[in-house]
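This is what each chain is made of:
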Amino acid sequence: MNLSTRIVDLRSDTFTKPSEKMWKMLRSLDNSKIGDDVFGEDPTVNALEEKAAKIIGKEAALYVTSGTQGNLVSLLSHTSPGDTILVEELSHIYHHELSGATQIAGLKVKTYSSNMGVPNFDELSNLIEKDKQKDSSIRVICAENTHNYHGGKIIRPNILKDLHKFVEKHELKLHLDGARIFNAAVGLNIPVTDFTKEVDSVMFCLSKGLSCPVGSLVAGSKSFISKARKYRKILGGGMRQAGIIASFGLVALEKNWIQRLEDDHKNAKLLAEGLKNMALPIEVNNPETNIVIISIPKEVRIGKIVRKLGDAGILAFNIDKQRIRFVTHFGIHKDDIEYALQKMKMVLPNLF
Ligand SMILES: Cc1ncc(COP(=O)(O)O)c(C=O)c1O
């Protein structure tokens, strides 16, 4: 393999590493700032949860190990075994969380289709009507914002508002997989609460564009969070002196750090524009946030494209047989994108 020395890693924003300020925060900790979080005695975790709840506009928040654990404790807290949840057909919960909702929460998982993450309310009504004719077990509808497999698409607050009204009418709960909800807020330049006020619970990740090494938060009402805390313990997520890792989150939730996501969005646009200008037989999305997806013709071998780009030092994932995803994030600068485009210009035309 002819590996280039310069690597531009666009596989995911989960590959981000902490900022200088985060390391400084870590070094500023001492034993007075940590404690046993299972007993609610870690001051740093408590501070992070309070800060998160305030920013997200909910009564309480809970620090969890990962986005996957955050979604699962949320679903466990809203349901009982045997209940049904509705998830979007290309959602992370459905495709990448290894059926935790079924295996661990004992839930039936049904999917709804969407237009770039936006549900069709007639379809949802039909699903609920059908369910009522049986044992009426649908309890939760999940949405994902931004939507990963729809190229970081932002589901607008007015859609969430309609969905909110819909779930209230049917006495259900609305859970938001908001792994990248701050990308949505920065992308539209509106407060994150414009989205989160419309949902019963939200999970968001510190470990993606916000570039913490680990951790996510779940937020909702006090009673929801007290249930979620119990389920986190059941899932082995009671982390004792977790302030050591949670401290990074206190920096990540500072206003100017959240605003930094704008740079990722600009870089994604630059990448998408550059790819479009190559006039290849590919489709490129118009990224609203930090995810660029190219769709390639069926007859072209996608594995070869990903491999050849990798040989040139440009790392990406194919998310299915026809689509390759590039994610911009902290640590990727404008000149990395320009370099990646130069390499792509050399590699891609020979593959179509
Ligand atoms: C939309 C979405 N939800 C949830 C998750 C799960 O987060 P984690 O990898 O921390 O479990 C991811 C991870 O990439 C994601 O993209």
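In this text the structure is predicted, and so the values were computed from the model without any measurement.

A closer look at the sheet that holds strand β8 (residues 173–177)
1) Next: Pairing in this open sheet of seven strands is mixed, and the strands run β2-β10-β9-β8-β7-β3-β4 from one edge to the other. Bordering the open sheet on either side are β2 (60–64) and β4 (108–112), each of which pairs with just one other strand. On average, each strand axis in the sheet is inclined to that of its neighbour by 20°, with strand direction left out of account.
2) Next: As paired strands, strand β9 (residues 201–205) and strand β10 (residues 216–220) are joined by four bridges and run antiparallel to one another. Bridge pairing in β10 places M203 opposite V218.
3) Next: Helix-sheet contacts for helix α3 (residues 67–78) involve β2, β3 (84–88), β7 (138–144), β8, β9 and β10, and the interaxial angle to β9 is about 170°.
4) Next: Running over the sheet, helix α6 (residues 121–133) touches β3, β4 and β7 and is turned about 150° from β4.

Brief notes about the site of the ligand
1) Next: The full set close to the ligand counts 13 residues, and G67, T68, D177, R180 and K208 are the nearest of them.
2) Next: Backbone polar atom of G67 to an oxygen atom of the ligand: 2.8 Å apart, as the coordinates give it.
3) Next: Between the ligand and T68, the relevant distance is 2.6 Å, taken from an oxygen atom to a side-chain nitrogen or oxygen of the residue.
4) Next: At three residues, α3 tops the list of elements feeding residues into the shell around the ligand.
5) Next: In terms of residue class, the shell around the ligand is built from two nonpolar, six polar and five charged.

Considerations on the nonpolar core
1) Next: Ranked by size, the top nonpolar core spans 51 residues in total, and within it I141, I181, F182, F204, L206, L210 and L253 carry the most contacts.
2) Next: In contact with L210, other than residues within four places in its own chain, are M22, F182, C205, A252, L253, W257, I258 and L261.

Describing the sheet that holds strand β15 (residues 323–327)
1) Next: Strand order in the open sheet formed by four strands is β11-β12-β15-β14, and the pairing between neighbours is antiparallel. At either margin of the open sheet sits one strand with a lone partner, and together these are β11 (283–284) and β14 (317–318).
2) Next: The pairing of strand β12 (residues 291–295) with β15 spans five bridges and is antiparallel. Of the residues in β15, the one forming a bridge with V292 is F326.

Cut-off values and rules
Residues numbered from 1 in each chain as written. Predicted model: local features only at pLDDT ≥ 70, side-chain atom pairs only at ≥ 80, totals over all residues. Heavy atoms only, no water. Pairing = 2+ DSSP bridges. Helix = DSSP H or I, 4+ residues; strand = E, 2+ residues; numbered from the N terminus. Axes fitted to C-alpha atoms, helices over the stretch in contact; angles between N-to-C directions. Contact = heavy atoms within 4.5 Å. Near = heavy atom within 4 Å. Polar contact = N/O pair within 3.5 Å; in protein donor to acceptor, adjacent residues only side chain to side chain. Nonpolar A, V, L, I, M, F, W, Y, C, P; charged D, E, K, R; others polar. Core = buried A, V, L, I, M, F, W, Y, C linked by side-chain atoms within 4.5 Å. Buried < 20%, exposed > 50% of the residue type's maximum accessible area, 1.4 Å probe, protein only.

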